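Fold and contact review
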Amino acid sequence: MSYFRAVIFIICLSILSPAMPASGDTDTGNSRDNINFTAQEKLWLSQKHRIRARVAFWPPYQFWENGPKGIAVDILKSIAEKYGLDIEFYKAQYSWADTLANIRDHFQVDLILTIKATPDRAHFIAFTENYLSMPWVIFTRKDSIFVSGINDLIGKTVAIQRGFVMHELLRKDYPGIKLQVVDDTLEAIRSVGVGEADAFIGNLAVGTYIIQHNGITNVKVAAPTPFENHSQAMGIRNDWPELASIISKGLSAMSQEEKTAIRSKWISVRYEHGISWTDIILWGGLSGTALLLIIGFIGYSNKQLHEAGKRLTEEISRRKAAQDQLQELLGVAQVANKAKNTFIATMSHEIRTPLNGVLGMLNLLEMTDLNKEAVRICSGRTDFR
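Residues numbered from 1 in each chain as written. Predicted model: local features only at pLDDT ≥ 70, side-chain atom pairs only at ≥ 80, totals over all residues. Heavy atoms only, no water.

**As for the environment of N151**
So the rule is basically this: Numbering goes from the N terminus for both helices and strands, where a helix is a DSSP run of H or I of at least four residues and a strand is a run of E of at least two. Throughout, exposure labels follow a simple rule: accessible area from a 1.4 Å probe, protein chains only, divided by the maximum for the residue type, with under 20% read as buried, over 50% as exposed, and the rest as partly exposed.
Mapped onto the fold, N151 is located in the loop between β7 (136-141) and β8 (157-161). Assessed through its relative accessible area of 57%, N151 is described here as exposed. Remark: the alpha-carbon pair of N151 and P226, spanning 75 residues in sequence, is separated by 9.9 Å.

**A closer look at the pairing of strand β9 (residues 178-182)**
Formally: By this definition, two strands are paired if DSSP reports at least two bridges between them. When the strands point away from the viewer and the path from the first strand over the helix to the second turns clockwise, the crossover is right-handed.
As paired elements, β8 and β9 share five bridges and run parallel to each other. Within the sheet, the bridge partner assigned to A159 lies in β9 and is Q180. Read from β8 through helix α5 (residues 165-173) to β9, the crossover connection turns out right-handed.

**Description of helix α4 (residues 96-104)**
Rule in force here: The arc in question is the one traced by the directions running from the helix axis out to the C-beta atoms.
When we look at burial in α4, the residues that qualify are W96, T99, L100, N102 and I103. Within α4, the buried residues cover an arc of 160 degrees as seen down the axis, which keeps them to one side.

**Things to note about the sheet that holds β8**
Counted only if it meets this: For helices, the fitted line uses only the C-alpha atoms of the stretch in contact; every axis is such a line through C-alpha atoms, and the angle between N-to-C directions lies from 0 to 180 degrees.
Spatial strand order, β9-β8-β10-β7-β11: five strands in an open sheet with mixed pairing. At either margin of the open sheet sits one strand with a lone partner, and together these are β9 and β11 (219-224). When the angles between neighbouring strand axes are averaged without regard to direction, this sheet yields 35 degrees. By the bridge criterion, two bridges tie β8 to strand β10 (residues 199-203) in an arrangement that is parallel. Among the inter-strand pairings, V158 is bridged to a residue of β10, identified as A199.

**Quick word on helix α9 (residues 256-266)**
Cut-off, in case you're wondering: Contacts are residue-level and defined by heavy atoms, with any inter-residue pair within 4.5 Å sufficient.
Restricting attention to buried positions, one finds in α9 the residues K259, I262 and W266. Looking down the long axis of α9, one finds its buried residues gathered within 65 degrees of arc, a one-sided arrangement. Pointing more than 90 degrees away from the buried face of α9 are the exposed residues E257 and K265. Residues of α9 that are buried make contact with β2 (63-64), β3 (68-69) and α3 (71-83).

**Some words on the environment of P59**
Here P59 shows up in the loop between β1 (50-55) and β2. It is 6.5 Å that separates the C-alpha atoms of P59 and G70, two residues lying eleven residues apart in sequence. Excluding anything up to four places from it in sequence, P59 contacts A205, V206, Y209 and I210.

**Some words on the nonpolar core**
Keep this limit in mind: Nine residue types can take part in a nonpolar core, namely buried Ala, Val, Leu, Ile, Met, Phe, Trp, Tyr and Cys, and a core is a set of them joined through side-chain atoms within 4.5 Å.
Formed by 69 residues in total, the largest nonpolar core has its most connected members in I75, L76, L85, L111, L243 and I247. No other element matches the eight residues that α3 contributes to this core.

**Observations concerning the side chain of H167**
Using the following cut-off: N or O atoms closer than or at 3.5 Å make up a polar contact, with two conditions inside protein: a donor-capable atom paired with an acceptor-capable one, and, for residues adjacent in sequence, both atoms drawn from side chains.
Within the element layout of this structure, H167 appears in helix α5. Of note is the side chain of H167, whose polar atom sits 3.4 Å from the backbone nitrogen of G163. If we skip the residues at most four places from it in the chain, H167 touches I160, Q161, R162, L179 and V181.

Now the structure itself:
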């Protein structure tokens, strides 16, 4: 598992839990009397409506396996039990686009367990507060080229679910990406695995759960996206706004202990090679600590090396200065030696020349008739040799 994937998984743990308001951190009790319902809400509750809740294949938040299961299902069941809601869960039979049309027409579906609240959808859906939040990420094949972000997907084929918010985001903001529109997340991931698409952009928790539970071994989390987290609310038919506000109040009233218990029941997902979320936290913490120690050691070593290098540089500079001074003195000595040789040669010439002249004159004088005094003087010439 790459460092990026480990980091993003650890970050995800803090946001996979139901994203309910802080008021839910204290237990307000399980009875209806602890919530201040309005007169309209009380009237709606007294009418005992049967609420048809669609359960799609979007694990670990909702899926059908011998009945409705998942985090969103358990949360709604808890609220229904506390406040007397009559929920009829049914397995989704229609596509996401058809489901949106059905809830708009108040046909077959009254409640959608997880949906992204948008201004366009608010025209025909009453939303609860957001209660789930998770990041969008890029999935690719393990043997694909390196992808660091969404810009690396320009000119490539990306699988995306029909009618999902991400479908519209990519179509509008990234026209250079080729879209392969599919019906659900499993089909999108499988299309990446078999090479029909280069990547899939989707929910981290859902994507990793599907990869594990469907034996898709050649698809990985490759990179984050620039989009905000994939926040989710429950969507209610718009002529039942009281139900949306009742569920929102129920979400706020849930204790932290109950939210944690529901989350832990389903986020015990094991990923590649038997690695669990707990393993990831443990090894991520150990790896992080080791990394900090390594960084500290490298920093200390670099400081020591820098100081040693500084001292070595200073020593080299001193030796070079001494060498330059010695070279300069050697040059002066050579000049002085040359001057000495020149002086000696010059003086020898200057002295020998007049002496030779004197000796020559003495030889001439010896050949002439001289008196005794002159002979005596000339005979003493050898004193000059």
